[in-house]
Amino acid sequence: MRISAGMPPRPDLGPKPRLGYANSRIERAAEKRVDDKALAAAAADPRAAAYVIGWDLIVMKKGAPLSDPLFTLAQARGMDGAAESIFLGLIDGAPRFGVGITAAAAAALKTRDGFHVTDLRSIAVQGLVAPDHLPPIAEAKAVLHWHTRHRFCPNCGAATHPVCGGWKRDCPQCKTEHFPRTDPVVIMLAIDGERCLLGRSPRFVPTMWSCLAGFIEPGESVEDAVHRETREEAGITCGRVRYFASQPWPFPTSLMIGAHAEALTTDIVVDREELEDARWFYRDEVVSMLKRQHPQGLTTPPPVAIAHHIIRAWVEGESGFD
Ligand SMILES: [Zn+2]
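Everything numeric in this text was worked out from a predicted model, so none of it was measured.

1. Observations regarding the packing of aromatic side chains
Here is step 1 of the chain: The tally for this structure, following the rule as stated, stands at six aromatic pairs.
Here is step 2 of the chain: With a centroid separation of 6.1 Å and 20° between ring planes, the pair formed by Phe71 and Phe115 is classed as stacked. Of the two residues, Phe71 is situated in the loop between strand 2 (57–61) and helix 2 (73–77) and Phe115 in strand 5 (residues 115–119); the sequence distance between them amounts to 44 residues.
Here is step 3 of the chain: By way of ring pairs, the aromatic residues Tyr21, Trp249 and Phe251 are connected into one cluster.
Here is step 4 of the chain: The aromatic ring of Trp314 is capped on one face by Arg283, whose charged end is 4.7 Å from the ring centroid.

2. So, the confidence of the model for the protein
Here is step 1 of the chain: Overall, the predicted model of the protein reaches an average pLDDT of 95, with 97% of residues at or above 70.
Here is step 2 of the chain: Note on residues 1–5: pLDDT is under 50 here. Beyond four places in sequence and across chains, it has six contacts.

3. Some points on the pairing of strand 11 (residues 212–215)
Here is step 1 of the chain: Of the two faces of strand 11, the one holding Leu212 and Gly214 is buried and the one holding Ala213 and Phe215 is not buried anywhere.
Here is step 2 of the chain: Strand direction decides the pairing type here: strand 9 (residues 183–192) and strand 11, joined by four bridges, are antiparallel. Paired with Val186 across the bridge in strand 11 is Gly214.

4. Examining the coordination of the zinc ion
Here is step 1 of the chain: Around the zinc ion, the protein supplies Cys153 (SG), Cys156 (SG), Cys171 (SG) and Cys174 (SG) as donor atoms, at distances of 2.2 to 2.4 Å.
Here is step 2 of the chain: Considering all four donor atoms around the zinc ion, angles at the metal cover 100 to 114° and the coordination shape is tetrahedral.
Here is step 3 of the chain: Motif for the zinc ion, donor spacing along one chain: C-x2-C-x14-C-x2-C. A residue pair is termed long-range when its members are at least 10 positions apart, and Cys153 in the loop between helix 5 (134–149) and strand 6 (161–163) and Cys171 in the loop between strand 7 (168–170) and strand 8 (177–178) qualify at 18 residues.

5. Some remarks on the sheet that holds strand 7
Here is step 1 of the chain: Ordered by their spatial adjacency, three strands build an open sheet running 6-7-8, and the pairing between neighbours is antiparallel. The outermost strands of the open sheet, each flanked by one partner alone, are strand 6 and strand 8.
Here is step 2 of the chain: Note that strand 7 and strand 8 share two bridges and pair antiparallel. Following the sheet pairing, Asp170 is matched in strand 8 by Glu177.
Here is step 3 of the chain: Contacts between helix 5 and the sheet are confined to strand 6, strand 7 and strand 8, with strand 7 contributing the most and set at about 15° to the helix.

6. Description of the pairing of strand 10 (residues 195–200)
Here is step 1 of the chain: Of all six residues that make up strand 10, six are buried, and the element is covered over most of its length.
Here is step 2 of the chain: Of the two faces of strand 10, the one carrying Arg195, Leu197 and Gly199 and the one carrying Cys196, Leu198 and Arg200 are both buried.
Here is step 3 of the chain: As defined by bridge partners, strand 9 adjoins strand 10 across two bridges and the pair is classed as antiparallel. Along strand 10, the bridge assignment pairs Asp192 with Arg195.
Here is step 4 of the chain: The turn joining strand 9 and strand 10, which pair antiparallel and follow one another in sequence, is formed by two residues; a positive phi near 65° is taken by Gly193.

7. Focus on the sheet that holds strand 3 (residues 85–91)
Here is step 1 of the chain: With mixed pairing, the five strands of this open sheet are ordered in space as 3-4-1-2-5. A single partner strand is all that each edge strand has here, and the edge strands are strand 3 and strand 5. Along the sheet, successive strands turn relative to each other by an average axial angle of 30°, direction set aside.
Here is step 2 of the chain: With five bridges connecting them, strand 2 and strand 5 associate as antiparallel partners.

8. Looking at the side chain of His309
Here is step 1 of the chain: Structurally, His309 is set in helix 8 (residues 306–315).
Here is step 2 of the chain: Residue His309 is classed as buried on the basis of its relative accessible area, which comes to 13%.
Here is step 3 of the chain: Polar contacts involving the side chain of His309 include one to the main-chain carbonyl oxygen of Pro303, which spans 2.7 Å.
Here is step 4 of the chain: If near-sequence neighbours (up to four positions away) are discounted, His309 is found in contact with Pro17, Arg18, Leu19, Phe244 and Pro303.

Cut-offs and rules
Residues numbered from 1 in each chain as written. Predicted model: local features only at pLDDT ≥ 70, side-chain atom pairs only at ≥ 80, totals over all residues. Heavy atoms only, no water. Phe/Tyr/Trp six-rings, centres within 6.5 Å; stacked < 30°, edge-to-face > 60°. Helix = DSSP H or I, 4+ residues; strand = E, 2+ residues; numbered from the N terminus. Lys NZ or Arg CZ within 6 Å of the ring centre and 35° of its normal. pLDDT = per-residue confidence, 0-100. Contact = heavy atoms within 4.5 Å. Buried < 20%, exposed > 50% of the residue type's maximum accessible area, 1.4 Å probe, protein only. Pairing = 2+ DSSP bridges. Donors = N, O, S within 2.8 Å, 3.2 Å for Na, K, Ca; no water. Tetrahedral: all angles 85-135°; square planar, octahedral: opposite > 155°, others 65-115°. Axes fitted to C-alpha atoms, helices over the stretch in contact; angles between N-to-C directions. Polar contact = N/O pair within 3.5 Å; in protein donor to acceptor, adjacent residues only side chain to side chain.

Below, the structure is given as structure tokens:
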């Protein structure tokens, strides 16, 4: 452990990378959603374009080095299995839509010439499209997923129908209005001086370690959820919690709420149902993981994920708990 008076030297990790799915350039123009004439004009605008999504698969025009995820609205709505259209908003005045097709129809396009069809995680991690496309694709994917899960009214069971440019579903029988949902998740880094707590899910690639995370439950504050999840998954009690940043996480409809937390205890008890392992990492080791220079090849998640940024902020002395 490094012994130093005051702050440890700041490691040189280079310019901060962009967080995936966040900082959307879309102006959502919500006033147009309730205006049928404005929606029709947006759809007829020659600059209008649409993202095409079949469940987890994003349909793109194959290109090199980047593929193009935008189709004309007529092309998108003319695809096999086309269902709901969402008005996403405007980008530099140009209307953008999301069009849902069935997962089977999207999968069938995988083998068609000129198409590139893959899942959004691969697109984000491998940088297959220009970064400005990620936030509107995330927006479209989350809302389209909600539509596929809300075809029937949870109140009375009648078939619902989409209205307001895809931002609401109405029940004709009991008149309930249904709105798209976002599921909040806390993702946090517990800190004990020069060490931070990282865990491994069995779903991770074998070398990756990340922040702990979990869904916020009804009736819970962000702070309460950070305390509970850290205690449940790793047996660590936390005190102060500091908000860091948030990230839309369209897998399928989450909002990741990133935080740093002050660990009050240090004895780890891993919940093996949730985690493969959890342990403390010293700052120097985490620097080598962020730089992908760890002697055993251990890594943090890639920069597209907020976990990378939460971990890096602590390494760089920006957690507020140094
Ligand atoms: Zn109903």
